[in-house]
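A look at the structure
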Amino acid sequence: MPHAEALLFPLSIVALVVAAMTAALAAGRRSMDWMGVAMLSSITALGGSSTRDMLLGNYPLGWVQEPYLLGVTTAAALATIVLAPVIHRFHKAFLFLDAVGLVLFTILGCSVALKLNHHFAIVIMAGMITGCVGGVLRDVLCNDVPLLFRAELYASVSIVTGLIYVAGLSNGFAPDLVALVASAVGLTFRLLAIRFRLEMPKFVYERDRG
Amino acid sequence: MPHAEALLFPLSIVALVVAAMTAALAAGRRSMDWMGVAMLSSITALGGSSTRDMLLGNYPLGWVQEPYLLGVTTAAALATIVLAPVIHRFHKAFLFLDAVGLVLFTILGCSVALKLNHHFAIVIMAGMITGCVGGVLRDVLCNDVPLLFRAELYASVSIVTGLIYVAGLSNGFAPDLVALVASAVGLTFRLLAIRFRLEMPKFVYERDRG
Amino acid sequence: MPHAEALLFPLSIVALVVAAMTAALAAGRRSMDWMGVAMLSSITALGGSSTRDMLLGNYPLGWVQEPYLLGVTTAAALATIVLAPVIHRFHKAFLFLDAVGLVLFTILGCSVALKLNHHFAIVIMAGMITGCVGGVLRDVLCNDVPLLFRAELYASVSIVTGLIYVAGLSNGFAPDLVALVASAVGLTFRLLAIRFRLEMPKFVYERDRG
């Protein structure tokens, strides 16, 4: 996780913590032990950026370079265990912070791919992978069909955020401003999607064999 | 995906499209939304070669270098949604094209590993990974035990194809001829396996604890 | 797998064989065919070190450099099929050898990361990934929630073993002695955990939505 953007860095730690905490709750629903909770949380929170960097060959990975990030995700997981009895009261705060995490991870992912001079489409993909893959890993390890493939415009929010971010930068606007606008639009889109239960049309195919 | 073999390149696009379409049908059986269909299709179609390149440290990955491949897989996924009502009529064409895809991906995978001067056994593995891993990713993301591990000589076809290809090249035959013969044998083997429901013996172990 | 430690190398082959055999039994419980058994065994036995090396960007991977390792895992898988009718008699030997494998893989993983001059925390992680990820891949491919996240202090044993190994080396003790002591403590810890059914406290969270 690059320290370049002064604005993005503290927010990205918040995003990391929220991703770890949502994963910890998923782990708790499957009665994992404390170590399992910590592992699932770390994989979820750091899995998106790690996958992006492995696909792009961008070594060393963020947490390998800054091992304290593992401490952050582990602490967030353990805090979730402690806070579990009251955590449902913060349900709405979680949804909000999860949306913040999605747009921030997306922008951070785009920004990494831009620095590596990748093609426009790869930059958008890098943002989407950073924002979404952690949750896919969480669901696969919890033995679910990933939510990402089924619901709630998660990936679409990531793509829209990435498109605005890349378009803004390539038109010469100030990076901080562009990040702010892209985040605001992505966040609004995500919250509207949750509020009004917006969904993509589903593809239902019911024959047994294709 | 290297452009070296003039013969292989257009066929490999066909293979990519077919892999994406079969994944789209699998996604439809799980009622994924359109974005999920596009993602599952892209992961399935490009996952084999991406896994091979990540295991071999062969960067950049094909789709990172040629982003239009993502457009091909996405278009194939969306076309599948449109064509869904009539697609079952082409069931046999699908099985045939899927077999074509398997042998082509295998040969492309072997060819990449050969260029990197890998050991004979690694070349065969690279072919098998390119041919088979996409389907494993599809099944894991759909929350199934991978078909690959249970049925239909899929991996065996890949190994036979790879062996003929490597043996032919190392005996000095013309690459195009070798690719053609390996494809023909592999394809025949696969179609016979489907036609006569050939299967490997299964290993059934029923004690609860090993 | 580095040949550096004369003591570790033969033992690591034993660990590889045991990991392949336990995976073969898991494959047998899902009625996989022989090829599927061989593939699942190889992925389980070599998946931990491969994941570590891909995360650290440490190419080429062990089995790519030493392809005979694929022969070892395949042979172990096929031997398991042959030995299946009597294998339950060796249940306790398996549990013991599996514990040996865990501590050996851990130490080998730490040793690789140490040679790459990684941070202390990353060295411990590298050991844990090498020791534990193979089993996670096995469980995901068998469509289970990974045992690792739920039971038996597996990861904890790996961390304790790694901590002793790293602490010993950084205090200047002889590598062979340190490896021996770390193995002995880790093995004892693991066997006590099995014997007395020691478990970490579980985190149970039962609300539907976090």
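Preceding block: the structure.
Below is a summary of the structure that appears in this document. (Residues numbered from 1 in each chain as written. Chains lettered and ligands numbered in written order. Predicted model: local features only at pLDDT ≥ 70, side-chain atom pairs only at ≥ 80, totals over all residues. Heavy atoms only, no water.)

This part covers the environment of M128 of chain B. With respect to the helices, strands and loops of the structure, M128 of chain B is situated in helix α6 (residues 120-141). Considered as a pair, M128 of chain B and A155 of chain B are 27 residues apart in the sequence and their alpha carbons are 6.6 Å apart. If we skip the residues at most four places from it in the chain, M128 of chain B touches V133, A155, S158 and I159 of chain B together with M39 of chain C. (Helix = DSSP H or I, 4+ residues; strand = E, 2+ residues; numbered from the N terminus. Contact = heavy atoms within 4.5 Å.)

Residues and elements named next belong to chain A. Between its first and last C-alpha, helix α6 (residues 120-141) extends 31 Å over 22 residues, near the 32 Å set by a 1.5 Å rise per residue. Among the 22 residues that make up α6, 18 are buried, leaving the element largely enclosed by the rest of the structure. At the exit of α6 stands N143, carrying a positive phi of roughly 65 degrees. (Expected span 1.5 Å × (residues − 1). Buried < 20%, exposed > 50% of the residue type's maximum accessible area, 1.4 Å probe, protein only.)

Quick look at the interface of chain C and chain A now. Tallying the contact residues gives 35 residues for chain C and 34 residues for chain A. Of the roughly 3100 Å² buried where chain C meets chain A, counting both sides, 71% is carbon and sulfur surface. On the chain C side of the contact with chain A, F149, F203 and Y205 of chain C bury the most area, a combined 28% of that side's loss. At the junction of chain C with chain A, the criterion picks out zero salt bridges. At the junction of chain C and chain A, the tally comes to six residue pairs in polar contact (both at pLDDT 80 or more). Of all the elements in the fold, those that place two or more residues in the side of chain C that touches chain A are α2 (34-56), α6 (120-141) and α7 (154-170) of chain C. With seven residues, the single largest contributor to the side of chain C that touches chain A is α6 of chain C. Of the residues contributing to the side of chain C that touches chain A, the split by class is 23 nonpolar, six polar and six charged. (Buried area = accessible area lost by both parts, 1.4 Å probe. Salt bridge = Lys/Arg side-chain N within 4 Å of Asp/Glu carboxyl O. Polar contact = N/O pair within 3.5 Å; in protein donor to acceptor, adjacent residues only side chain to side chain. Nonpolar A, V, L, I, M, F, W, Y, C, P; charged D, E, K, R; others polar.)

Turning chain C through 120 degrees and shifting it by 0.0 Å along the axis lays it on chain A, with an RMSD of 0.0 Å. Within this description, the copies of the chain are treated as partners about a three-fold rotation axis. For chain C, the minimum C-alpha distance to the rotation axis belongs to N143 of chain C and amounts to 3.8 Å. In this assembly the copies use different faces: only 11% of the residues contributing to the interface of chain C also contribute to that of chain A. (Least-squares fit on C-alpha atoms with pLDDT ≥ 70 in both.)

Limitation: the analysis is restricted to geometry and does not speak to function.
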